[in-house]
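Listed below, chain by chain, are the residues.
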Amino acid sequence: MSRARQPPLVTGISPKEGAAWTKVTIRGENLGVGPADLIGLLICGHNCLLTAEWMSASKIVCRVGPAKDDKGEIIVTTKSGGLGTSTVSFKLIRPERIGILDQSAVWVDEMNYYDMRTDRNKGISPLSLRPSNPLGIDIDKGKIPQKDLELTFPGMSGDFTSENFSATWYLMENHAGSSFEQLKIAASNLKKQAAKKNEGSLAYVKGGLSTFFEAQDALSAIHQRLESDGTEKVEGSMTQRLENILNKASNTADTLFQEVLGRKDKADSTRNALNVLQRFKFLFNLPLNIERNIQKGDYDVVINDYEKAKSLFGNTEVAVFKKVYAEVETRIDALRSLLLEKLLQTPSTLHDQKRYIRYLSDLHASGDPAWQCIVAQHKWILQLMQNCRDEYVSGQRVGAGAVEMEGDTRPSALGRLGHTASLKRGGSLPTPQSSNWRFETPQQVQFVEKLSDVVISQLPNFWKLWISYVNGSLFSETGEKSGQVEKSKKNARQRQNDFKKMIEELTSRLVKLIRGALLPSTLPQGECSLYGGWGSKTELTGTWLTQIIHTVRACHEALSALEIPNDLLQAIQDLLLDLRVHCLMITLLHTTEDVKRLAEKEDWVVDNEGITSLPSQFEQCMIQMLQSLKEPLEIKPGEINVLQLDQVQDQAAELSVGIMKVFITSLDQMSTKTDGDISTSLNITLDLSSPDRFAGIQEGFSPTSEQRLLIILSNCQYLERHTFLNLADHFEKHGFTGTEKITRVSVDAVRQLDRRLFEAYVERRADPIAGSLEPGIYAGYFDWRDCQIPTGVRNYLKEALVNIITVHAEVFTVSKDLVPRVLSKIIESVADEMCRLMQCVSSFSKNGGLQARLELCALRDAVATYLNAESNTSFKLALDALPQLHTGADKKLLEELLNKFKSSMQLQLTCFQPSSVQPVKR
């Protein structure tokens, strides 16, 4: 009859060697279908079935007994498969036998010591073994989190050795995926294990039954011997005698072995002490380990060891444990102090701050370390900002990249313009940056940059620390379990207003320090000494103020990126508004000074249109001023347009008008300078490439006062017709309001100057010419009533024409456009004088009337191109005052003499021809 299953086969054992009662795991094939199917287990010839625990058909766990053979096979016997075989063997290690009189320097395991009296090993009872799988089925752990089980079964445990063991917890944790059939098998296994446990005691008794019989036989033999000897003797009963003998033997043995037994007691106490030290060495070594780990900076290890010691020995009543634990607490208190000191130490990174806060939280430090750190950081940032100001004000930072410059260090627009003397209108102006620009940076600018760096580098970490404090991310899992996260959030809600005040104080301190350096007048009187003190420093120009505005804007943008509420940053926005307005006003004021100095650069070199470089320089100076204001006037998010403010509009318009008037005043002053005030090196020259020029003015010739008047008149016309209109477009392009007013006032001022200068020039040139007429007419005692027949135009009139031609040449050399205007006015003055002289004559003779008519007609015809209404009227009145021509002979004579005059002075009169005075188109 064949069996239904193959015989068991052992293919592996772990470990492969060991002393008696070593727990081993046997693996193989066909090791049974269940615990009841296993009926035999031999290891090295010793029956180990009593300690065997069937796990599966391929795994059995048991303890090796004290077999006689040192090495042997592992044989498994089952009901279904019968006697099995083995491909591996187990080596049994024999422990050294130590007698009671032998001294040993090695540890003797009291769990398995050798008794010489019985010559057998005493081992632990197999009933005390606790199987790792009490159900006897495959463990199938589910995916239920440990935290969920703890919440579902509060105060319970899934450990079957625990007093608070919960079977439901154990099943959900280890057999969540097991089928119902497997659970039924597990229930059957539990019943069998319970029955086996009850049978174990009886089997233990049965195994020692022979010993009980031997003891019974010995007692019976003793009883029979005592009965045969009799019980009544002189010395007493036999039992009494035996007791005395035994007591005497015991005393003798005690005397003989007292020293040995004493050593045994000491050895036992030493072993007990070593056992305690070995078992609780973690606690005894903990103080030293804490000290070492603190020195190495392994605070996580210290905290973990402390939590473990606290859970094990926190409530102990053992004196030695309490003493050691008290020392541990002392070391931990010192660690708390050390960590708190490191936490409050500055400077420190955000990572280190969070780490120290987490450590102190896990160590259950008193107070609120996170808030203490926030307060310390707040004070430190304030101190950094104040120290930054104190360093620059006291002058300690002079050698750190700044050189105090005497006088005005600003990059003047005038200096950039003066690099060339032949600057043409519309030309570009290079603005190279100096190589030592950094060393010329004013201290106020360096201070604002340094202060902004401090704020940008420190305030973000300060804000992030607060956010971590609010959301509870500063604490570890231990802190979350202990409720510290909720406590932190509650504290943060209570201290929210306090932190808001901290941010407001930081931004307010930043604003006040910058105001003290740049806008001290905006500070209250009591704060000037604390935040001001920059009075001796150089006033900043618009260029440096623009750089400061850029720096403050960058600081504001960096803080806004942290999502700090806008109301906490409003003080910085107000500061930016004041700085932008201040920069606008300072730039306009400094431009006024630059424009004043433009007159010093006038070289009196005129172009084809009679214009010098001065109007172009003025226009370029104004354009560069407007370009430099582009960034300050730019409107960033959250900012307002400063030019929309009524007060700023009025001040900017007033200063702009002032700049125009300053330039016009400079032109006026240039016109009134004497020849000695003009440097001989600034000579008027000609554009030799122009075909419209003649060499009437040679090199080395300084401009006369009359020539300067003409040049300035030409410049005034260009300002009115071009420059002011171009500047109005630029003002509007840059957002300036009131450009119409600026243009109107400027044009009115330049017209007034033009009219005044024109009248001055005409007065200088016309008065000598008109004044020379009367003496010329009456030269040689000439009498209109008694004169000869006219033979031609007299010399006085020719001289007057030559003088007018001279004025024409002078004006023509500067500007063609001025020729008609100037000559018309001069001829008007001459015509008026001739009219007056003719009307003053009481009577004319025939020849006198003809002579007067000849000279008036010759003068009128020569300058006919430049006659105006007033001149024509004067000539008409003068001719009307003369006697009329009645004969044809007189008219013919007059015509012949006029033709003779025009023929003789044809070359001189050519300049009065219309073709030579047509203005050049611009």
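Q: Account for the packing of aromatic side chains, with residues named and values stated.
A: Scanning the model with the defined rule gives 15 aromatic pairs in all. Their ring planes at 10 degrees and their centres at 4.1 Å tell us that Phe-618 and Phe-663 sit as a pair that is stacked. With Phe-618 in helix H19 (residues 614-628) and Phe-663 in helix H21 (residues 646-672), this residue pair connects regions lying 45 residues apart in the sequence. Each member of the pair, Phe-618 as well as Phe-663, carries the same accessibility label: buried. Three or more aromatic residues joined by ring pairs make a cluster, and in this case those are Trp-371, Phe-462, Trp-463, Trp-466, Tyr-469 and Phe-499.

Q: Outline the state of the cysteines, supporting the account with residue identities and numerical values.
A: What is meant by a disulfide is a covalent connection between two cysteines, made through their sulfur atoms. This model, assessed by the stated rule, comprises 0 disulfides. In this structure Cys-840 is not part of a disulfide, and its nearest cysteine sulfur, from Cys-835, lies 9.0 Å away.

Q: An account of the nonpolar core is needed here, citing residue identities and associated values.
A: Judged by nonpolar contacts, the single largest core of 186 residues is most densely connected at Leu-584, Phe-618 and Met-838. Of all the elements, helix H23 (residues 739-777) adds the most residues to this core, at 13 residues. When neighbours within four sequence positions are excluded, Met-838 is seen to be in contact with Ile-777, Trp-784, Phe-844, Ala-852, Leu-856, Ala-878, Ala-881 and Leu-882. Of all hydrophobic cores here, the second largest spans 21 residues; its members include Ile-60, Ile-74, Val-76 and Val-88.

Q: Please set out the pattern of salt bridges residue by residue, giving values where relevant.
A: In this structure the tally under the stated criterion is 32 salt bridges. In this structure, Arg-355 engages Asp-352 in a salt bridge whose closest nitrogen and oxygen atoms are separated by 3.2 Å. With Arg-355 and Asp-352 both in helix H9 (residues 350-362), this residue pair falls 3 residues apart, about one helical turn. Classification of Asp-352 as partly exposed rests on a relative accessible area of 22%. One salt bridge connects Glu-810 with Arg-765, and the closest N-O pair in it is separated by 2.6 Å. Placement of the pair is Glu-810 in helix H24 (residues 795-814) and Arg-765 in helix H23, with a sequence separation of 45 residues. Among the residues examined, Glu-810 registers a relative accessible area of 13% and is labelled buried. In this structure Arg-765 comes out as partly exposed when scored by relative accessible area, which is 24%.

Q: Give a description of the pairing of strand S1 (residues 9-14) that names residues and reports values.
A: Relative to strand S3 (residues 23-29), S1 runs antiparallel, the two being bridged by 5 bridges. Within the sheet, the bridge partner assigned to Leu-9 lies in S3 and is Glu-29. Of the pairings in the sheet, the one linking S1 to strand S10 (residues 85-86) comprises 2 bridges and is parallel in character. Paired with Val-10 across the two strands is Ser-86, which belongs to S10.

Q: Kindly report on the confidence of the model for the protein, identifying the contributing residues and their values.
A: In this model, the protein carries an average pLDDT of 78, and 83% of its residues clear a pLDDT of 70 or more. Every residue in residues 398-438 scores below 50 in pLDDT, and together they form 66 contacts with partners more than four places removed in sequence or on other chains.

Q: Mind laying out unusual backbone geometry, listing which residues take part and the relevant values?
A: Note the cis peptide between Ser-14 and Pro-15, where omega equals -5 degrees. Mapped onto the elements, Pro-15 comes out in the loop between S1 and strand S2 (17-18). The amide bond that connects Thr-346 to the next residue, Pro-347, takes the cis arrangement and shows omega of 0 degrees. Its place among the elements puts Pro-347 in the loop between helix H8 (319-344) and H9. If you check the backbone angles, Glu-563 has positive phi at about 65 degrees while not being a glycine. Along the chain, Glu-563 falls in the loop between helix H17 (542-560) and helix H18 (570-596). Given the relative accessible area of 68%, Glu-563 is considered exposed.

Q: I'd like a rundown of the sheet that holds S1, residues and numbers included.
A: Across the sheet, 5 strands lie side by side as S6-S7-S3-S1-S10; this open sheet has mixed pairing. Of all strands in the sheet, those with a lone pairing partner are strand S6 (53-56) and S10, marking the two edges.

How each quantity is defined
Residues numbered from 1 in each chain as written. Predicted model: local features only at pLDDT ≥ 70, side-chain atom pairs only at ≥ 80, totals over all residues. Heavy atoms only, no water. Phe/Tyr/Trp six-rings, centres within 6.5 Å; stacked < 30°, edge-to-face > 60°. Helix = DSSP H or I, 4+ residues; strand = E, 2+ residues; numbered from the N terminus. Buried < 20%, exposed > 50% of the residue type's maximum accessible area, 1.4 Å probe, protein only. Disulfide = S-S within 2.5 Å. Core = buried A, V, L, I, M, F, W, Y, C linked by side-chain atoms within 4.5 Å. Contact = heavy atoms within 4.5 Å. Salt bridge = Lys/Arg side-chain N within 4 Å of Asp/Glu carboxyl O. Pairing = 2+ DSSP bridges. pLDDT = per-residue confidence, 0-100.

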